[in-house]
Every structure is written in C-alpha cells, then in structure tokens.
Amino acid sequence: MTSREMMHRSESAVSIELQTPDMTLNIGPQHPSTHGVLRLVAKVDGERIREVEPVIGYMHRGYEKLAEVRTYAQITALVNRIDWVSGFASEVPFILGVEKLMGVEAPERAQWIRLILSELARISSHLVFISSYPLELGATTPLMHSLREREYILELIEEVTGGRFHPNFNRVGGVKSAYGGGSTTKKQSMDLPAGFFKRTSEAMDRMDKICDDIDTLVTGNELIKMRTVGVGIIPPDKALEFGLSGPNLRASGVAYDLRKSDSYLTYDQVEFDVVSRPGGDCYDRYLVRLHEVRESVKIIRQAIDMIPSGPLQAKVPRVLKAPKGHVYSRAENPKGEFGYYIVSEGGKMPYRLKIRSTSFSNLTILPWILKGQLIPDLVAIMGSLDFVLGDVDR
Amino acid sequence: MSKSINFPFPGLFRGMGLTLKTMVKRAPVTMYPEVQEVPVPRARGVISLDVDNCTVCMLCARECPDWCIYIEGHKEEKGETKPGARMRTKNLLDRFDIDYGLCMYCGICVEVCPFDALFWTPEYEYSEPRVADLLHNKEKLTEWLATVPENPALES
Ligand code: SF4
Ligand code: SF4
C-alpha cells in the first residue's frame, strides 16, 4: 500500500467513525453560574448537551431534622435561613401553619405588617434576580443599579425587624411585639418606627424609577434579547407536570398565584394583578419578575394607606404547645409556592416538619429543559429559573 | 437559530446613556473605615448584659437555638430573716459567655429573659482574627451596655 492510499484509507475511516463518544462535563459544584454549590453532570456532544443530571445536597443542613428538636419559636429563627434572599417570606407560611394548628389568629395590624414585609422581601429577591441574571449573561452594569436599590429595601426591613436578611420577626399570634419580656423595666415596643411609612413610600418611588432604568438597561437591550428570547421554552403543560410555581409557572402562561387563589394574610383586601406571560422562555421569566416588582410596589402603597392601628400580638400561652394534629400551610414566596407540612404530637416541638421548598421543585425541570440545548444556553436557562441553593438543599 | 440583528443596537446605546448619567451622580456609598456607618437602633449587632439584673435563671441558655450561651453560677447565703427561718439565698453569676462565632443573632435570648438583663445594641466592630476570641465573657458583655440605644419613636 502506498502512503497515499494509506492516507486515503484513514481519512475515510475517520469519516465513518465520526460518532465520537459523549464527553462527560462536570459543571460545578463551585461554578459562578450555579448560584452556590450545585453540580451538574452533563453529557455533551460538542456544544450540545445530551443529558444532564443535577447533583444536589452539598448544602444540606438538615432543617427538617433540626426542627424535630427545636421549639416553634426556635424554628422561626431557623426557617428564615432556608431561602436567605427573602428570609421573611419563608417565615410567613410556617407561622401561619402553627397558628392554624393552635387555632390562634394574628391581629389585623400584625397581618398587614407581615404583608408589607413579605412584599419588601419579594422586591429584594427579585432585585437580586434582576442583578444576577444579566451578570450571568455577561452584563455587569444592571448588578450595580439594582443592588444599590435593594439596599434601600433592606434598610427598611432592618429598621423594623433589626435584621437585614434574617428578620425572625414573626411570632405565633402576631409579630414580635416587644424587645424584652422583662417586667422590671418598661417594655420596648417593636411597632413600626416613626417615619416608616414616609420612608417606605419614598423607597417605592425609587423602585418605580429603578424598574424604568432596568427597562432601559436590560429589557430593551438587543444582546440580552438575543441570549434569552426563545431560549429554554417551558410549555404550560410541562411546567405543571414538573410542579413549577411562582414566576417560572406564570411565565409559561399559567396565571396561578397563591396570593389570589388561596389568599392568606390580607391579600384579598389589596388590588394587584397576577403577572403572566405567554412565552415561557427565559426572557418572559425575566419580564414576569420585573413586573412583579411593580405589582409589589402597588401592594405596598395600598397597604401603608390601609394599615389599621392596634395590637401586634394576640394572647398566646407563654409556653407554646401545639395540639395533636397536622397541617399543611403554604404561601407565595418570591420564587413560588413555599409550604410546610407540620405534624404535631402535642408537644412543644413538632413531630415532623416537611418543607416544600420552592427552588427544589423548580429545579426538577432542569434535566428535561437542558436536554439538547447548547452549553452557553445552559447558563441562561439555569439563571432564569432563579433558585437559591439553600432553598434546594435545605 | 438565526435572529434578526438590527445594527447598531439602539437599546444598547440607550442603556449606555443611563450608565453615563449615573456616572456623574454621587454614589450613595458610605466609605466605611473613614466614615462610620450608623446602623438603625434596632439592629441586632451585639448582645449586652446587665449583670445586676441577671438572676442566673438559665432561661436564655436553654432557649438559645444553638446553645451558644454558657452560664455558671453559685448560691450565696444571705443570712436568715428571723432566727430559725429558712436561710435566704441569692444566685450569683460566675460565668456568662456568649460565643459569637456560633450565635445566629436570632434574639430569642433577649426576648425570653424575664428580668431584662440582656439588650441588643447595634455595635458591630468586634471582629477578631481568631474565631475563638469571639467568645465574649461577662466583663466584655457588660461593656456593651453603654451602647444600648434609646428605643426609637413609633409610628402611630
Ligand atoms: S441571639 Fe440567638 S443564637 Fe445568639 S445567643 Fe441569643 S438566643 Fe443564642
Ligand atoms: S434569662 Fe436573663 S436573667 Fe435568666 S440567666 Fe439569662 S440573662 Fe440571666
């Protein structure tokens, strides 16, 4: 065989054997686009993802087990660390569940305070998304703008609760009403500090402004559109099948919002629209969140007009004991439905606490939606689902 | 997938215009070490202890969710009120440590203390190079007492 022939043979052999085995690519656990410590084991064929398997659990802190040996008051301090981007919002469903179990109801003013703080938490969570999502797509400027504005929201939360991220402000039967429980000195009331409403409405004006700014910076940006429009489409039936909730579900055209459909707190007394978009792609998921900031601003504006004065705390026994029974309570977290299933055997601590954390359920769609996508789109799709790893692993 | 690209990206330039406008504005930043950041009065910075009020009831240590309060005390006889009556005793605090390396700033201890011995103060400058030094003892916790702020005025 001449060398020429040999070359010819090997070339044809190559063209036959072009079916190369898939490469396994490990993304994470420490990768900036994974929002923490999520590991993705992807089988890739060139730039295309054939299959992806999320590996979770790097941040498992065992909240469900911890809760079995903690009193209800102590669990409240723990649960706002599940989703730390919106700490207050994960306290609310837990405390509502315990209240349902014990048959107490918080006074009106406490309910309104909870509503205002939940919406502030929603704005701050969405602002984090609005800042980090363009960052993942390569735009650093929106980060500066929206994190700057988030600081005003966090200041408001801190002013009322004393904590920026971990408010620990909900109590069974109301909100934290006094600093100390002592009787030797005058109790320090924890009602809203003076000027809070004024500062809140000023901050809400800022939020309107930043929404417009983000519209200019991100929504109308052609590069962002190129990366997100038509990418990672989740059809409504698939979204329901995988149990998505929150903005991810509403971006697929299902206008389902627990604040409307299973109203809790005083959401039935305020007017707001459930934002939904028909497309189901990354761009729509981003737009839904941006519009929800505007809706939250609307809710807070109404709430500070409507909030009545009155007590912050209903009468509850000093030692909290829930009667035997079980309850599932849920609320609309910024990221979707957040639920607690509390089983009580009648003691000071729950017998079992099951947490339906939003991000975990939203993450289940990853293997399906990433199949056949390009690797650069992986970042765009994953970012648009807006999960927090603490919320996934609990 | 090919997408229509309408050069020269008007949206991009509108965004850059906003960036330019922001560039000439003053940034709302506190230049921390030179300028002190003043936290709100309710901020949960550090816990201070009023030793005179504490009766060594251990409630705070028991209710703390991560058991980071260490208390030891002893009883001291105060003498009898009448001859033959039961000896009156007083609990005295020997050790009161809070491990700030472990504390999660939940505020449960401050809330459950029935004798108003614990207070929040918004001080925050107590970081240490060694995590073990974050254990504040009785004397250190008492020092913080001077920084307890007045309760802010309330909204009606
Ligand atoms: S703030 Fe919470 S964690 Fe810290 S010492 Fe008090 S009870 Fe314990
Ligand atoms: S609860 Fe108060 S009085 Fe009791 S040991 Fe703790 S600080 Fe002292």
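Our subject is the structure that appears above.
What counts, and at which threshold
- Residues numbered from 1 in each chain as written.
- Chains lettered and ligands numbered in written order.
- Predicted model: local features only at pLDDT ≥ 70, side-chain atom pairs only at ≥ 80, totals over all residues.
- Near = placed C-beta within 6 Å.
- Nonpolar A, V, L, I, M, F, W, Y, C, P; charged D, E, K, R; others polar.
- Contact = placed C-beta atoms within 7 Å.
- Helix = DSSP H or I, 4+ residues; strand = E, 2+ residues; numbered from the N terminus.
- Pairing = 2+ DSSP bridges.
- Axes fitted to C-alpha atoms, helices over the stretch in contact; angles between N-to-C directions.

## Re the site of ligand 1
Surveying the vicinity of ligand 1 reveals 13 residues, the closest of which are Cys64, Cys103, Cys106, Ile108 and Cys109 of chain B. Taken together, the residues of the shell around ligand 1 break down into 11 nonpolar, one polar and one charged.

## Looking at the interface of chain B and chain A
Counting residues at the interface gives 35 residues for chain B and 37 residues for chain A. When residues of the side of chain B that touches chain A are traced back to their parent elements, those giving at least two are helix 1 (10-23) and helix 3 (108-112) of chain B. A per-element tally of the side of chain B that touches chain A places helix 1 of chain B first, with six residues. Looking at side-chain class alone, the side of chain B that touches chain A contains 21 nonpolar, seven polar and seven charged residues.

## A look at the site of ligand 2
Around ligand 2, the surrounding shell consists of Cys54, Thr55, Val56, Cys57, Met58, Leu59, Cys60, Ile71, Cys113, Phe115, Ala117 and Leu118 of chain B. Split into classes, the residues belonging to the shell around ligand 2 amount to 11 nonpolar, one polar and no charged.

## A look at the sheet that holds strand 3 (residues 48-55) of chain A
Residues and elements named next belong to chain A. Ordered in space as 1-2-3, the three strands form an open sheet in which the pairing is antiparallel. Whereas interior strands pair on both sides, the edge strands pair on one side only; in this sheet they are strand 1 (23-27) and strand 3. Each adjacent strand pair in this sheet contributes to an overall mean axis angle of 25 degrees, direction not counted. Pairing analysis gives five bridges linking strand 1 to strand 2 (residues 39-45), with the strands arranged antiparallel.

## Structural notes on the sheet that holds strand 3 (residues 87-99) of chain B
If you walk across this open sheet you meet the three strands as 2-3-5 (chain B), and the pairing is antiparallel. Because the sheet does not close on itself, it has two edges, and the strands there are strand 2 (69-80) and strand 5 (135-136) of chain B.

## Description of the pairing of strand 3 of chain B
Taken together, the 11 bridges between strand 2 of chain B and strand 3 of chain B define a ladder with antiparallel strand orientation. Of the residues in strand 3 of chain B, the one forming a bridge with glutamate 72 of chain B is arginine 95 of chain B.

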